[in-house]
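Residue-level listing of the chains:
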Amino acid sequence: MKVKSANEKIIFGLKVKQLRTAQGLSFAELSKTAGMSLSYINEIEKGKKFPKADKVQNLARALGTTVEELTNDDLGRNLAPVTQLLQSNFLNELPLELFGIELSKVAEIIAQAPVQVGAFISTLLEISRSYALREESFYFAALRSYLELNENFFPDLEEAVNAFTKKNQLPSIRPIPPRLLRELLEKEYKYTIATGLEDHPDLSMLRSVYQPEKKRLLLNGELTPNQRGFQFGKELAFNYLKLAERANTSSILRSRVFEEVLNHSKATYFSVALHIPLDPFVKAVGEFFALPKWDSNAFLGLMQRFNATPEMFFHRLTNVLPKFFGLRELFFLRFLHDPKTDEFTIDKELHLERRHHPHENGLFEHYCRRWVSTNLLLQMSDADGSELRVEAQVSQYFETPDQYLCLTLARTGYPSPDRNVSVTLGLLVTDELKETIAWATDPSISPRIVNTTCERCEITDCEVRAAPPVIVEKRAKIKRVRAALREL
């Protein structure tokens, strides 16, 4: 008999439990009739064991069914959602082991209350269909949770970068010339590298495409030197770390499996750490925090010292601030803005310690224009593709005690002239923050009351409102109805 998969064990265990409970048999009664120990039957029902053929026959006889009926994968109408979930292989794709969860534990939960769990799964599937959520939506959510669980710092990747640097005798002074990384790809890993991706209208938004059958990396010719260096660093990571499951585009368009999403994250971390080495960066950040006043030029200079893109720079900040400065309550957001349609979207985010107020929503609502992230983009002209702005804001979230020190970099022309981008690091204002960052209370940093979206905002005198407060008005109407009902 071939080795049974985890899903086959779960389905078999659920069928045994279904038939046993339907006939009113206790564990002891089934144990006696089937000639198996109580503990073994318990393990079967929990999805941990799959008996040999002779014991399957004994179980079928004891449960008043056939071997074929007992071993097929039909759990019946009530448990159809569970069957659908298991047959989709979705549980196997979720990175349960990254969170210290065994698949057998999940099976045990399902086995304890299969009908209730089935109804719950059915509800989740219905919600996901209603909001057009695909499997990769869960993969990216799982990845964010994994990063947050580890405070976005991974010593094994830091060590791998150090070993790679030593092995290839890379210079200790940064920035690393992109030419050196290109030569490594060509000589060590037999890459062919060319430009011309920008000539394909439908692919011009991508930075690179890898063609594995040719070992050819096709770059967008519009990339800056530091953007090219970052792409080379990612390709080196895929090869050096032996990350087989990967997307062949610079950003993941649609993920097939979770491992692809995870490996993309590892390659990104590796490239960022390669270009911005840990010890010098931690020292430089400490010196910047010790300045007596907020200095936007010093902040920009810190990024330029390592020849980093804003995304690389902020990624590295989220690596080091929790681990080396004790600043764990933070968020990162990347906004994209189309000046022609005035549409804002969040395509990257990270929250450490808890879910902070500013976050992505898929409800097509208008993000608050009071945020420094959006306001800075509104101020920017789309005429100059090289414009870069830096601003700090103390954001007080409306009717909450939460206050964030927000640092934002925004630039025009990303990745094409018709779109702008901003990246924001938000740090919860605490006593520890004020002790760590000397200029945290600098009066030159403008404070502002902000909210989530215009539709949910009760600020009445907002001069930058982009939409009426329809959700607020709806809630107020419901309150009036309830008050009228009480009076009646």
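Read on for a plain summary of the structure. Computed from a prediction, not measured in an experiment: that's the story for all the values here. (Residues numbered from 1 in each chain as written. Predicted model: local features only at pLDDT ≥ 70, side-chain atom pairs only at ≥ 80, totals over all residues. Heavy atoms only, no water.)

The subject of this paragraph is the overall build of the chain. Counting secondary structure elements, the chain contains 20 helices and 9 strands. Taking all 488 residues of the chain together, 48% fall into the buried category. Contacts in the chain between residues far apart in sequence, at least 24 positions, make up 64% of those at least 6 positions apart. When the accessible surface of the chain is totalled, it reaches about 24,700 Å², and 52% of it is carbon and sulfur. (Helix = DSSP H or I, 4+ residues; strand = E, 2+ residues; numbered from the N terminus. Buried < 20%, exposed > 50% of the residue type's maximum accessible area, 1.4 Å probe, protein only. Contact = heavy atoms within 4.5 Å. Areas by Shrake-Rupley, 256 points an atom, 1.4 Å probe, with all protein chains shown as cover.)

The next point concerns the sheet that holds strand S3 (residues 216-219). Pairing between the strands of a sheet is mediated by backbone hydrogen bonds and can be parallel or antiparallel. Here 3 strands make up an open sheet; going across it, the order is S1-S3-S2 and the pairing mixed. The open sheet has two edge strands, strand S1 (192-195) and strand S2 (208-211), and neither has a second partner. The mean angle between the axes of side-by-side strands here comes to 20°, regardless of whether they run parallel or antiparallel. Seen against the sheet, helix H13 (residues 225-240) touches S1, S2 and S3 and runs at an angle of roughly 155° to S3. (Pairing = 2+ DSSP bridges. Axes fitted to C-alpha atoms, helices over the stretch in contact; angles between N-to-C directions.)

Further remarks concern the packing of helix H15 (residues 278-289) against helix H17 (residues 310-325). Viewed as axis vectors pointing N to C, H15 and H17 meet at an angle of 80°, and their least axial separation amounts to 10 Å. On the basis of their axis angle, the class for H15 and H17 is roughly perpendicular. Across the interface between the two elements, Leu-278, Phe-281, Val-282, Val-285, Gly-286 and Phe-289 of H15 pack against Phe-313, Arg-316, Leu-317, Val-320, Leu-321, Phe-324 and Phe-325 of H17. Here the contact of H15 with H17 is built from residues that sort into 11 nonpolar, 1 polar and 1 charged. (Parallel < 35°, antiparallel > 145°, perpendicular 65-115°, else oblique. Nonpolar A, V, L, I, M, F, W, Y, C, P; charged D, E, K, R; others polar.)

If you look at the biggest cluster of nonpolar residues, it comprises 81 residues, and the most contacted ones within it are Phe-299, Phe-313 and Leu-321. With 9 residues, helix H14 (residues 258-275) is the single largest residue contributor to this core. Aside from chain neighbours lying at most four places away, what touches Leu-321 is Val-285, Phe-289, Gly-326, Leu-327, Leu-330, Leu-425 and Leu-427. Of all hydrophobic cores here, the second largest spans 18 residues; its members include Leu-333, Met-380, Tyr-397 and Leu-428. (Core = buried A, V, L, I, M, F, W, Y, C linked by side-chain atoms within 4.5 Å.)

On to the packing of aromatic side chains, then. The full count for this structure, using the stated rule, is 28 aromatic pairs. Ring geometry for Phe-281 and Phe-313: centres 6.1 Å apart, planes at 85°, overall edge-to-face. Of the two residues, Phe-281 is situated in helix H15 and Phe-313 in helix H17; the sequence distance between them amounts to 32 residues. Accessibility assignment for this pair places Phe-281 and Phe-313 in one class, buried. Following the ring pairs from residue to residue traces out a cluster consisting of Phe-281, Phe-288, Phe-289, Trp-294, Phe-299, Phe-306, Phe-313, Phe-314, Phe-325, Phe-332 and Trp-439. A cation over an aromatic ring shows up here: Lys-55 above the ring of Tyr-40, its NZ or CZ 4.9 Å from the ring centre. For the cation-ring pair, Arg-246 lies above Phe-238, with the distance from its terminal atom to the ring centre recorded as 4.0 Å. (Phe/Tyr/Trp six-rings, centres within 6.5 Å; stacked < 30°, edge-to-face > 60°. Lys NZ or Arg CZ within 6 Å of the ring centre and 35° of its normal.)

Two numbers describe a pair of packed helices, the interaxial angle and the distance between the axes. Relative orientation of the contacting elements H13 and H14 amounts to 120°, with a least axis distance of 8 Å. Taken as axis vectors, H13 and H14 run oblique relative to one another. The interaxial crossing formed by H13 with H14 has right-handed handedness. Of the residues in H14, those in contact with Gly-229, Phe-230, Gly-233, Lys-234, Ala-237, Phe-238 and Tyr-240 of H13 are Asn-263, His-264, Ala-267, Thr-268, Phe-270, Ser-271, Val-272, Leu-274 and His-275. (Left-handed = near helix turned anticlockwise from the far one by under 90°.)

Our focus in this paragraph is the sheet that holds strand S7 (residues 403-411). Taken in spatial order, the 6 strands line up as S5-S4-S8-S7-S6-S9 in an open sheet, and their pairing is mixed. With partners counted over all chains shown, the strands left at the sheet margins are strand S5 (343-352) and strand S9 (446-450), one partner each. Neighbour-to-neighbour, the strand axes of the sheet open up by a mean angle of 25°, direction not taken into account. Strand direction decides the pairing type here: strand S6 (residues 388-397) and S9, joined by 5 bridges, are parallel. In the sheet register, Tyr-397 faces S9, and the bridge partner there is Val-450. Together, strand S4 (330-338), S5, S7 and strand S8 (420-428) form the strand contacts of H17, whose direction differs from that of S8 by roughly 10°.

Counted according to the given criterion, the structure contains 14 salt bridges. Its salt-bridge partner being Arg-246, residue Glu-235 comes within 2.8 Å of it at the nearest N-O pair. Of the two residues, Glu-235 is situated in helix H13 and Arg-246 in the loop between H13 and H14; the sequence distance between them amounts to 11 residues. Here the two residues Glu-235 and Arg-246 agree in accessibility, since each one is buried. Across the pair Arg-334 and Glu-311 runs a salt bridge, and its minimum N-O distance is 3.3 Å. Of this pair, Arg-334 sits in strand S4 while Glu-311 sits in helix H17, placing them 23 residues apart in sequence. Connected via shared salt-bridge partners are Glu-311, Arg-334, Asp-347 and Arg-411. (Salt bridge = Lys/Arg side-chain N within 4 Å of Asp/Glu carboxyl O.)

Turning to the environment of Glu-235, a few remarks are in order. For Glu-235, a relative accessible area of 4% corresponds to the buried category. The sequence separation of Glu-235 and Tyr-189 amounts to 46 residues, and the corresponding C-alpha distance is 9.7 Å. The residues contacting Glu-235, other than those within four sequence positions of it, are Leu-185, Tyr-191, Tyr-210, Leu-217 and Arg-246. For Glu-235, the side chain forms a polar contact with the side chain of Arg-246, separated by 2.8 Å. (Polar contact = N/O pair within 3.5 Å; in protein donor to acceptor, adjacent residues only side chain to side chain.)

Our next topic: helix H2 (residues 27-34). Listed as buried for H2 are Leu-30, Ser-31 and Ala-34. The buried side chains of H2 occupy one side of the element, clustering within an arc of 105° when seen end-on. Projecting away from the buried face of H2 at angles above 90 degrees are the exposed residues Lys-32 and Thr-33. Contacts made by the buried residues of H2 are with helix H1 (6-22), helix H3 (38-45) and helix H4 (53-62). Following H2 by one or two positions, Gly-35 has its phi on the positive side, about 70°. (Arc of directions from axis to C-beta.)

So far we have only geometry, and geometry alone does not tell us how the molecule works.
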